[in-house]
Amino acid sequence: MRGKTIVQLLNVQKTFYPSGVKALKGVNLFLEAGSVHALLGANGAGKTTLVRILAGEIQPDAGEIFVDGRAVNFRTPKDAMRQGIALVHQNLSLVEELTVLENLFLGREPRRLFFLDKKKAERRVKDLSERLSLIELNKRVADLSMSERQKIEIVRALMFGARVLLLDEPTAYLSENEEERLFELLVGLKKSQCAILFITHDVNQALKIADRVTVLREGETVLSEETSKLNVQRVIEAMGFRSS
Ligand code: ATP
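My aim in this report is to walk through the structure given alongside it, one point at a time. The structure displayed is predicted, hence computed values, not measured ones.

1. Considering the site of the ligand
- In the neighbourhood of the ligand, the contacting residues comprise Phe 16, Val 21, Ala 23, Ala 42, Asn 43, Gly 44, Ala 45, Gly 46, Lys 47, Thr 48, Thr 49 and His 201.
- Separating an oxygen atom of the ligand from a backbone N or O atom of Ala 45 is a distance of 3.1 Å.
- Within the side chain of His 201, one N or O atom sits 3.1 Å away from an oxygen atom of the ligand.
- The greatest single-element share of the shell around the ligand, amounting to three residues, is contributed by helix H1 (residues 47-54).
- Its residues assigned to classes, the shell around the ligand comprises five nonpolar, six polar and one charged.

Set out below in structure tokens:
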């Protein structure tokens, strides 16, 4: 069953100057509530550029972005966050010496937290940590595994009201076991009606976790299809590699 479309990109283009590199040449993509959408592509295909545009870090030259059916224009990451779109970086940004709880309150917009009712904020953490079976709140981040740290990053985004999570190569530093746990977490997030964009190089991984796969090649959308209608060969070929 298809969920409600939260985000839609139409013909998004981006050229970087002074090099003149056309990173995106007219990309279309949609993200639905309660689903994982994998974004695949070889090095330099334009994946990170697309994610940075969605996160409000850079602006497109042309094309449109719709959130809940309304055209938006993100000038800063704050604009994207206000619409519930959060980028979870591959370079994690937690403070090792602090506890899980302390890190959760170290938001990207710390000033917002001062205005939060402390009781309300604590209830929100408790609620989220139970829902996502979060690690002990009083543990130091330095003592946690990579997948546990990632979970905290995600919970923190949810605390700030994220409903669209942009995960840029989230498995890059994970063991196979940790990857499995991340996938369990994503299944839980789907149940909460989050929309997830999952960027990866790994075709098998994409087909395993995603409901839909989009492949970028040299800045263009060359494939966008429900996972159930795809196989590894088709995706690899779309990426521009030869399948064996
Ligand atoms: P990778 O998998 O290697 O991270 P990618 O699919 O994320 O690649 P992008 O990082 O979006 O690809 O890059 C697309 C193209 O745009 C590349 O040719 C890259 O060199 C270029 N590019 C990306 N960011 C910039 C920038 N800030 N300035 C100039 N060129 C850039």
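Okay, back to it.
2. Observations regarding the pattern of salt bridges
- This structure, assessed with the given rule, holds 10 salt bridges.
- A salt bridge links Lys 190 to Asp 211; its shortest N-O distance comes to 3.1 Å. Remark: Asp 211 occurs in the loop between helix H8 (203-209) and strand E9 (212-217) and Lys 190 occurs in helix H7 (residues 176-191); sequence separation between them is 21 residues.
- Classification of Asp 211 as partly exposed rests on a relative accessible area of 32%.
- Among the charged side chains, a network of salt bridges with common partners joins Lys 4, Asp 68 and Arg 163.

3. Quick notes on the packing of aromatic side chains
- Considering all chains together, one arrives at one aromatic pair under this definition.
- Consider the rings of Phe 183 and Phe 198, whose centres lie 6.0 Å apart with planes at 65 degrees: the pair is edge-to-face. Note that Phe 183 is positioned in helix H7 and Phe 198 in strand E8 (residues 195-200), a separation of 15 residues in sequence.
- On the basis of relative accessibility, which here comes to 0%, the residue Phe 198 falls in the buried class.

4. Concerning H1
- With six of eight residues buried, H1 is to be regarded as a mostly interior element.
- Buried within H1 are the following residues: Lys 47, Thr 49, Leu 50, Val 51, Ile 53 and Leu 54.
- Two residues or fewer after H1 comes Gly 56, characterised by a positive phi angle close to 80 degrees.

5. Re the sheet that holds strand E4 (residues 62-67)
- The four strands are arranged E2-E1-E4-E5 in an open sheet whose pairing can be described as antiparallel. Bordering the open sheet on either side are strand E2 (21-32) and strand E5 (70-72), each of which pairs with just one other strand. Each strand of the sheet is rotated relative to its neighbour by a mean of 25 degrees, with strand direction disregarded.
- Two elements, strand E1 (residues 5-16) and E4, share five bridges in a ladder whose sense is antiparallel. Following the sheet pairing, Leu 9 is matched in E4 by Ile 65.

Cut-offs applied
- Residues numbered from 1 in each chain as written.
- Predicted model: local features only at pLDDT ≥ 70, side-chain atom pairs only at ≥ 80, totals over all residues.
- Heavy atoms only, no water.
- Near = heavy atom within 4 Å.
- Polar contact = N/O pair within 3.5 Å; in protein donor to acceptor, adjacent residues only side chain to side chain.
- Helix = DSSP H or I, 4+ residues; strand = E, 2+ residues; numbered from the N terminus.
- Nonpolar A, V, L, I, M, F, W, Y, C, P; charged D, E, K, R; others polar.
- Salt bridge = Lys/Arg side-chain N within 4 Å of Asp/Glu carboxyl O.
- Buried < 20%, exposed > 50% of the residue type's maximum accessible area, 1.4 Å probe, protein only.
- Phe/Tyr/Trp six-rings, centres within 6.5 Å; stacked < 30°, edge-to-face > 60°.
- Pairing = 2+ DSSP bridges.
- Axes fitted to C-alpha atoms, helices over the stretch in contact; angles between N-to-C directions.

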